Amino acid sequence: MRVGKIITAVCTLLLAGLVLTGCGGGEEKPAATSEKKAEPIRVGGLVDLSGPTSSVGAPYAEGLKGGVEYVNGLGGVNGRPIVFDLQDTAYKVQQGLSLYKKMVNTDHVVCIQGYGSAVTEALVPTLAKDKVPNLSASYSAHLTDPKVAPYNFFSAADYSTQCRAAIKYFKDGWTESRAPRIAFIYPDHPYGLAPIKGGKEYAKELGFEIVGEANVALNAIDATTELLPLKDAAPDYCWIGGTTPSTSVILKSAKNIGMNTTFFINIWGCDENLSKLAGADADGVYSNQAAAVYGQDVPGMKAIMEITGNQPQMTHYTRGFVSALVMAEGMKRALANGELTGESLKTALETLRDFDPMGLAPLISYFPDDHRPNMAVFLYTVKDGKLTFVKEQILERREDWLGH
Amino acid sequence: MQGKCGLFFTSYRAEAQVFPSGFQKSMVGLFLAILCAAPFVLNTHLTSIVNLVFISVIGAVSLNLLTGVCGQISLGHGAFLGVGAYAAGQCSVHGVPFPLAILTGGLVTALVGMVFGVPSLRLKGIYLAIATLAAQLVLEYVFLHGGALTGGSNGLLLKPPSILGFAFDSEIRMYFLLLAFAAGALLMVTNIMRSKYGRAFVSIRDFHLSAEIVGVNLFRYKLVAFGVSSFLAGVAGGLWGHYTGYISAEQFNIGLSISYLAMIIIGGLGSVLGSVFGAVFIVLLPEVLNALANTLAGFWPGIALHVVAMREGVFGLVLILFLIFEPEGLAHRWRLIKAYWKLYPFAH
């Protein structure tokens, strides 16, 4: 019975705690910070720090924090420091929505630095209603169409563009007279499926022969069964659209069955951990990246190295850093035009033309009717366990690709 | 019916009232008045949390009718919510008025629930759990590969609901809409439970053979339980879809089904009030942990991330503690508290 009383007491305390934390905030309208010197600019961060994608979410969030620290170190945006409120969504829509509402309605953030597809996509209509931009790390192509998602931005090329760019690179390097053969391996998951249609269509357009596809789950521990039919189809190139753990499983299984093909991997499927997981099996694979790797010889790397105290960071860190730089540039332009609100930040971001995030990522532009940041991808290959830069592949900005 | 001392009934009808005493009626009235005043006092964030509670209450009470009252365990409830969300969403996209869209969502889900409920005649307990888990997996696949019907991996975008030109496009407006739906769902399940259907469900739960011997048609009643429960789940799903404005396959995964099971276990199986307690508890738990982490971060920088990382663990721990120390859920604790005050100061 005493335990029962303890449970009653704990429940009462939890409820009381919530009521107390809820006190002191009335009904107020979303962000409208007037231009005053040194008044901080509030930014909300919704990243998966403890959920299924936290292994990449955590370094990405560190990058966001690093970027904000860098901007603040330079005196902030027009003298106003950025206050970054990072919260964990655990990749849960309900939690993300709830945190978002608190950030926008109670804390009056000007914009959101978002992350995973589940929360980003769920927020799309709410952002448009509240007029709050979301610079996220969910690179689904349909978010680049302002007709569908007017307040969504991201600073890396969308998944489809990245896939197309890699396909173009391989086609340009193809010397044999027969058509190159290509296959697609991806998880049956919104993220995995996102670039497949666009990738296949472009491969066909360039004269590839699509010889097969396979579904490998993100939590797979072996992919031999799925890969055996592909081995018989003997593709020259194989797209892998998974995460780093699932990619390492695919690479190891492919090696086991003696599959001889060139793998190229989506942005979340290859990072510094791939070689640790797959060992020598990862050597020779190609990886799409949208930001420089740690230590690469680009102007912005010095800033990152200073902030991180020369402690190597994953490539996701750089992307978070770039996202913060893009946001700060948008804020600077919005303040130059007058008041900084979600709406003015959106308008300011849409004036970016070939903004250079210190070489850390390809040049970034947004247009009022086209939120594709660029049509470029950094191609890397894994050499002796290290990501080695190969080329920045740039595609034309085709109208019919917008949103697909 | 256990009434207060001095309360007696001269007819069965009087005894079967939902609120038999005047005190109860006034308390419910007071509670409703507080609920109606709440959004004007609470800030937008807290209102949105209560909105989530309302939706969860509908989902939890529907699962409680199936699992708590009728004894048919379901691990596919999250997917049933999804069916309702997509069906209602498609109706809205095609211009069907909101109330009709929600109704259609519920009916489609009832149909789907009944199809997956058919094995319940032969399967019980863990076997039925696996059969409904299969429903969850099959439906998740359909959500992701449904083409234009479900929007595939892109999902469906919805506009805020509107009734006769009145748009529910703010938290406060949604609050009253969801409150009405939640109250309606609670009333519906309460009434089902005191009808012959409710008694049949309980008899099936307690021992199917005895139920059959006294003339309960097992197959029919089990199907009705699946149908009604899925209908309400569909309504909850439809409301969720219209509330968030976006539906995707990822939202209706096995995790959601487990959350709903946790709600009815923590709240109290077979109790309408328990469903409400469970929904409130599960929706508030992450919020309270977040608030706790943020408060602690003021004194102890860096602790926030640890508390956040512990959240899933805390969720599991709470479930285990409830199963060990309060297996009948919060509803049972509530009854004990009421009894304590009724007998006070003579506890024994």
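No experiment lies behind these values; they were computed from the predicted model shown. (Residues numbered from 1 in each chain as written. Chains lettered and ligands numbered in written order. Predicted model: local features only at pLDDT ≥ 70, side-chain atom pairs only at ≥ 80, totals over all residues. Heavy atoms only, no water.)

1. A short note on the overall build of chain B
Here comes step 1: The secondary structure content of chain B amounts to 15 helices and 4 strands.
Here comes step 2: Computed over C-alpha atoms, the radius of gyration of chain B comes to 21 Å, within 12% of the 20 Å expected from 2.2 N^0.38 for 348 residues, which places it in the range of a compact globule.
Here comes step 3: Dimensions of chain B, computed from the C-alpha atoms along their principal axes, are close to 60 × 60 × 45 Å.
Here comes step 4: Considering only intrachain contacts with a sequence separation of at least 6, the fraction spanning at least 24 residues in chain B is 75%.
Here comes step 5: Put simply, chain B shows about 16300 Å² of open surface, and 73% of that area lies on carbon and sulfur atoms.
Here comes step 6: Taking the average location of the 18 positive side-chain charges in chain B and that of its 11 negative ones, the two points are 13 Å from each other. (Helix = DSSP H or I, 4+ residues; strand = E, 2+ residues; numbered from the N terminus. Rg over C-alpha atoms; globule rule 2.2 N^0.38 Å. Contact = heavy atoms within 4.5 Å. Areas by Shrake-Rupley, 256 points an atom, 1.4 Å probe, with all protein chains shown as cover. Lys, Arg positive; Asp, Glu negative; His and termini not counted. Charge placed at Lys NZ, Arg CZ, Asp CG, Glu CD.)

2. Quick word on helix α5 (residues 159–172) of chain A
An α-helix turns once per 3.6 residues; consequently, residues spaced three or four apart project the same way.
All names here are of chain A.
Here comes step 1: Taking 1.5 Å of rise per residue, the 14 residues of α5 would be expected to cover 20 Å, and the 20 Å separating its terminal C-alpha atoms lies within 8% of that figure.
Here comes step 2: Burial of α5 is extensive: 10 of the 14 residues sit out of reach of the surface.
Here comes step 3: For α5, the capping residue at the N-terminal end is D158, with a side-chain oxygen 3.1 Å from the backbone nitrogen of S160. (Expected span 1.5 Å × (residues − 1). Buried < 20%, exposed > 50% of the residue type's maximum accessible area, 1.4 Å probe, protein only. Polar contact = N/O pair within 3.5 Å; in protein donor to acceptor, adjacent residues only side chain to side chain.)

3. Topic: a nonpolar patch on the surface
Here comes step 1: On the surface, a cluster of nonpolar side chains totalling about 470 Å² of accessible area is made up of B:L317, B:I320, B:L321, B:I324 and B:F325.
Here comes step 2: Position of B:I320 among the secondary structure elements: in helix α14 (residues 311–325). (Patch = residues over 30% accessible without salt bridge, like charges linked within 9 Å, V, L, I, M, F, W, Y side chains within 5 Å. Salt bridge = Lys/Arg side-chain N within 4 Å of Asp/Glu carboxyl O.)

4. Quick word on the pairing of strand β14 (residues 386–394) of chain A
Here comes step 1: Pairing between strand β13 (residues 376–383) of chain A and β14(A): 8 bridges, direction antiparallel. Residue A:F378 lies in a different strand from β14(A), and its bridge partner there is A:E392. (Pairing = 2+ DSSP bridges.)

5. A look at the pattern of salt bridges
Residue and element names in this part refer to chain A.
Here comes step 1: Summed over all chains, the structure comprises 20 salt bridges over all chains.
Here comes step 2: Its salt-bridge partner being D107, residue K102 comes within 3.5 Å of it at the nearest N-O pair.
Here comes step 3: Between D236 and R178 there is a salt bridge whose closest N-O contact spans 2.9 Å. Placement of the pair is D236 in the loop between α8 (224–233) and β9 (237–240) and R178 in the loop between α5 and β7 (181–186), with a sequence separation of 58 residues.
Here comes step 4: Judged by relative accessible area, which is 15%, D236 ranks as buried.
Here comes step 5: For R178, a relative accessible area of 30% puts it in the partly exposed group.
Here comes step 6: Within the structure, one salt-bridge network assembled from shared partners comprises E176, R178 and D236.

6. Let's talk about the packing of aromatic side chains
Here comes step 1: A complete count under the given rule lists 35 aromatic pairs over all chains for this structure.
Here comes step 2: An angle of 65° between the planes, with centres 5.2 Å apart, marks the rings of B:F54 and B:Y175 as edge-to-face. Taken together, the residues B:F54 in helix α3 (residues 44–69) and B:Y175 in helix α7 (residues 171–193) connect sequence positions 121 residues apart. One exposure class covers both B:F54 and B:Y175, and it is buried.
Here comes step 3: Consider the rings of B:F98 and B:F181, whose centres lie 6.4 Å apart with planes at 80°: the pair is edge-to-face. Note that B:F98 is positioned in helix α5 (residues 98–117) and B:F181 in helix α7, a separation of 83 residues in sequence.
Here comes step 4: Exposure remark for B:F98: the relative accessible area of 4% places this residue in the buried category.
Here comes step 5: Here the aromatic cluster, defined as three or more aromatic residues joined through ring pairs, consists of A:Y169, A:F170, A:W174, A:F208, A:Y237, A:W239, A:F264 and A:Y286. (Phe/Tyr/Trp six-rings, centres within 6.5 Å; stacked < 30°, edge-to-face > 60°.)

7. Considering the packing of helix α3 (residues 93–106) of chain A against helix α4 (residues 117–130) of chain A
Residue and element names in this part refer to chain A.
Here comes step 1: Close contact between α3 and α4 brings their axes to 9 Å; oriented N to C, the two are set at 30°. For the pair α3 and α4, the crossing hand works out as right-handed. Together, V93, G96, L97, Y100 and V104 of α3 and A118, V119, A122, L123, T126, L127 and D130 of α4 make up the contact between the two elements.
Here comes step 2: Each residue belonging to the contact of α3 with α4 can be placed in one class, and the counts come to 9 nonpolar, 2 polar and 1 charged. (Axes fitted to C-alpha atoms, helices over the stretch in contact; angles between N-to-C directions. Left-handed = near helix turned anticlockwise from the far one by under 90°. Nonpolar A, V, L, I, M, F, W, Y, C, P; charged D, E, K, R; others polar.)

8. Comments concerning the pairing of strand β11 (residues 286–289) of chain A
Residues and elements named next belong to chain A.
Here comes step 1: Here β11 shows no split at all, with Y286 and N288 on one side and S287 and Q289 on the other all buried.
Here comes step 2: With 2 bridges joining them, strand β10 (residues 262–265) and β11 adopt parallel strand pairing. Pairing of I265 across the sheet is with S287, part of β11.

9. A closer look at the confidence of the model for chain B
Any segment with low pLDDT has predicted coordinates that should not be analysed in fine detail.
Here comes step 1: Residues at a pLDDT of 70 or more form 96% of chain B, whose mean pLDDT is 89.
Here comes step 2: Interface confidence for the predicted complex, expressed as ipTM, amounts to 0.71; the pTM equals 0.81. (pLDDT = per-residue confidence, 0-100.)

10. Side note on the sheet that holds strand β6 (residues 152–153) of chain A
Residue and element names in this part refer to chain A.
Here comes step 1: Strand order in the open sheet formed by 5 strands is β3-β2-β4-β5-β6, with parallel pairing between adjacent strands. Two strands in the sheet have a free side with no partner beyond their single neighbour: β3 (82–88) and β6.
Here comes step 2: Of the pairings in the sheet, the one linking strand β5 (residues 134–135) to β6 comprises 2 bridges and is parallel in character. Its bridge partner being in β6, N134 is matched across the sheet by N152.

11. A closer look at the packing of helix α4 (residues 77–93) of chain B against α5(B)
Residues and elements named next belong to chain B.
Here comes step 1: Taken N-terminus to C-terminus, the directions of α4 and α5 make an angle of 145°; their axes are 8 Å apart at the nearest point. Taken as a pair, α4 and α5 cross one another with a handedness that is right-handed. Residues F80, V83, G84, A87, A88, C91 and S92 of α4 pack against A101, I102, T104, G105, V108, T109, V112, G113 and F116 of α5.
Here comes step 2: Here the contact of α4 with α5 is composed, by residue class, of 10 nonpolar, 6 polar and no charged.

12. Considerations on the sheet that holds β13(A)
Backbone-to-backbone hydrogen bonds pair the strands of a sheet. The strands run either parallel or antiparallel.
Residues and elements named next belong to chain A.
Here comes step 1: Pairing in this open sheet of 7 strands is mixed, and the strands run β8-β7-β9-β10-β11-β13-β14 from one edge to the other. The outermost strands of the open sheet, each flanked by one partner alone, are β8 (209–215) and β14. Across the sheet, the mean angle from the axis of one strand to that of its neighbour is 25°, orientation sign disregarded.
Here comes step 2: Lying on the sheet, α5 is in contact with β7, β9, β10, β11, β13 and β14; it crosses β14 at an angle near 90°.

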